[in-house]
Amino acid sequence: SSDLKYLNEKIIKTGTTIVGIVYETGVVLCADTRSTNGPIVANKNCKKIHYISDKIMCCGAGTAADTRRVTLMASKELRLFKYKHLKEPFITHGKQLIADYLLRYGGNIGAALILGGIDPVSGPTLISISPDGHSIQLDYTTMGSGSFAASSILESGFKKHMTVDEAINGALDIVAEVIS
């Protein structure tokens, strides 16, 4: 009984866990909904998946206000692009907007992002963007304070050309495992 109490006191709950997985014809983005302030859950229903454009979405980890500000800016700019050029923006347009914005602030904006969507040229695309503006295209990724635990599960379970159900269930299982 005292051993169990000791272990429960030593378990550290993670903050945000966001996951992105490319499957055969698309991208799955998954996130927990807890907003934390240190060890305290400040909000159980925080929105961490953000609309960017019709075929581009984004998961955000870090400071909630910063991720919201960055994703709103990208959404607005890509909407202007669509009206000006009369065509859907590529996911690389969104990546460049966000990466350049974060780079200008040298990592002082607390927004770690996973950008995902269907690109007209390259198809399903997943891009990880760090708070300093560094970006990389991947087949799967995880970010946030729960990413260390999530990445070990993700790396052992990922396979190329997953079905949509395999990708959805895999992402849900990873987030559920990390936050439990």
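These figures come from a predicted structure and were not determined experimentally.

Asker: Got a minute to help me understand the pairing of strand β1 (residues 18–23) in this structure?
Answerer: Successive side chains on a regular strand alternate, one facing one side of the sheet and the next facing the other. Within β1, six of the six residues are buried, which leaves the element mostly enclosed by the surrounding structure. Side chains Ile18, Gly20 and Val22 project from β1 onto one buried face, and the interleaved Val19, Ile21 and Tyr23 project onto a second face that is buried too. Pairing of β1 with strand β2 (residues 26–31), which is carried by six bridges, proceeds in the antiparallel orientation. In the strand pairing of β2, Gly20 is matched with Leu29. Counted between consecutive antiparallel strands, the loop separating β1 from β2 contains two residues. Alignment of β1 against strand β10 (residues 140–143), held across four bridges, turns out to be antiparallel. The partner of Val19 across the bridge, within β10, is Thr142.

Asker: What is the right way to read the pattern of salt bridges from this model?
Answerer: Opposite charge on two side chains allows them to pair when their charged atoms are near. Per the counting criterion, the structure on display carries seven salt bridges. Where Lys82 meets Asp54, a salt bridge forms, and the shortest distance between an N and an O atom there is 3.1 Å. With Lys82 in helix α2 (residues 64–85) and Asp54 in the loop between β5 (49–53) and β6 (56–62), this pair connects stretches of sequence that are 28 residues apart. A relative accessible area of 28% places Lys82 in the partly exposed class. For Glu88, the salt bridge goes to Lys82, with nearest N and O atoms at 2.9 Å.

Asker: Whenever I open this one, the packing of aromatic side chains confuses me. Can you help?
Answerer: To describe a pair of aromatic rings, one takes the distance between the centres and the angle between the planes. A full pass over the atoms with the stated rule returns two aromatic pairs. On the numbers, 5.3 Å between centres and 55 degrees between planes, the contact of Tyr101 with Tyr105 is tilted. Residue Tyr105 is classed as partly exposed on the basis of its relative accessible area of 42%. Seen from the ring of Phe90, Lys87 lies directly overhead, with NZ or CZ sitting 5.9 Å from the centre.

Asker: Explain the packing of helix α4 (residues 147–157) against helix α5 (residues 164–179) to me, please; I cannot follow it from the model alone.
Answerer: Packed helix pairs are characterised by how far apart their axes lie and by the angle those axes make with each other. Close contact between α4 and α5 brings their axes to 9 Å; oriented N to C, the two are set at 145 degrees. The two elements α4 and α5 meet at a crossing, and its hand is right-handed. On the side of α4, the interface is formed by Ala149, Ala150, Ile153 and Leu154, while α5 contributes Ile174, Glu177 and Val178.

Asker: I tried to follow helix α3 (residues 91–104) on my own but got confused; where do I start?
Answerer: Compared with the 20 Å implied by 1.5 Å per residue over 14 residues, the 20 Å span of α3 between its first and last C-alpha is a close match. Ile91, Gly94, Lys95, Ile98, Ala99, Tyr101 and Leu102 are the residues of α3 that are buried. Down the axis, α3 shows its buried residues gathered within 160 degrees of arc, on one side only. What points out from α3, more than 90 degrees from its buried face, is the exposed set Leu103 and Arg104. Buried residues belonging to α3 abut β6, α2, β7 (111–119), β8 (123–129) and β9 (135–137). Phi turns positive one or two residues past the end of α3, at Gly106, with a value near 55 degrees.

Asker: What should I look at first to understand the layout of surface pockets in this one?
Answerer: Any space left empty among the atoms is revealed by the rolling of a water-sized probe across them. Put simply, the largest pocket is a space of about 200 Å³. Lining the largest pocket we find 15 residues, and of these Thr16, Lys48, Ala61, Gly62 and Ala64 sit closest to its centre. Counting only elements with at least two residues in the lining of the largest pocket, the list comes to β3 (35–37), β6 and α2. Per-element tally for the lining of the largest pocket: the top contributor is β6, with three residues. Looking at the lining of the largest pocket residue by residue, the class counts come to three nonpolar, ten polar and two charged.

Reading guide: rules and limits
- Residues numbered from 1 in each chain as written.
- Predicted model: local features only at pLDDT ≥ 70, side-chain atom pairs only at ≥ 80, totals over all residues.
- Heavy atoms only, no water.
- Buried < 20%, exposed > 50% of the residue type's maximum accessible area, 1.4 Å probe, protein only.
- Helix = DSSP H or I, 4+ residues; strand = E, 2+ residues; numbered from the N terminus.
- Pairing = 2+ DSSP bridges.
- Salt bridge = Lys/Arg side-chain N within 4 Å of Asp/Glu carboxyl O.
- Phe/Tyr/Trp six-rings, centres within 6.5 Å; stacked < 30°, edge-to-face > 60°.
- Lys NZ or Arg CZ within 6 Å of the ring centre and 35° of its normal.
- Axes fitted to C-alpha atoms, helices over the stretch in contact; angles between N-to-C directions.
- Left-handed = near helix turned anticlockwise from the far one by under 90°.
- Contact = heavy atoms within 4.5 Å.
- Expected span 1.5 Å × (residues − 1).
- Arc of directions from axis to C-beta.
- 1 Å grid on protein atoms, 1.4 Å probe; cavity = no way out; pocket = protein on both sides within 12 Å on 5 of 7 lines; lining within 4 Å.
- Points joined across faces, edges and corners; volume = space filled by probe spheres on them.
- Nonpolar A, V, L, I, M, F, W, Y, C, P; charged D, E, K, R; others polar.

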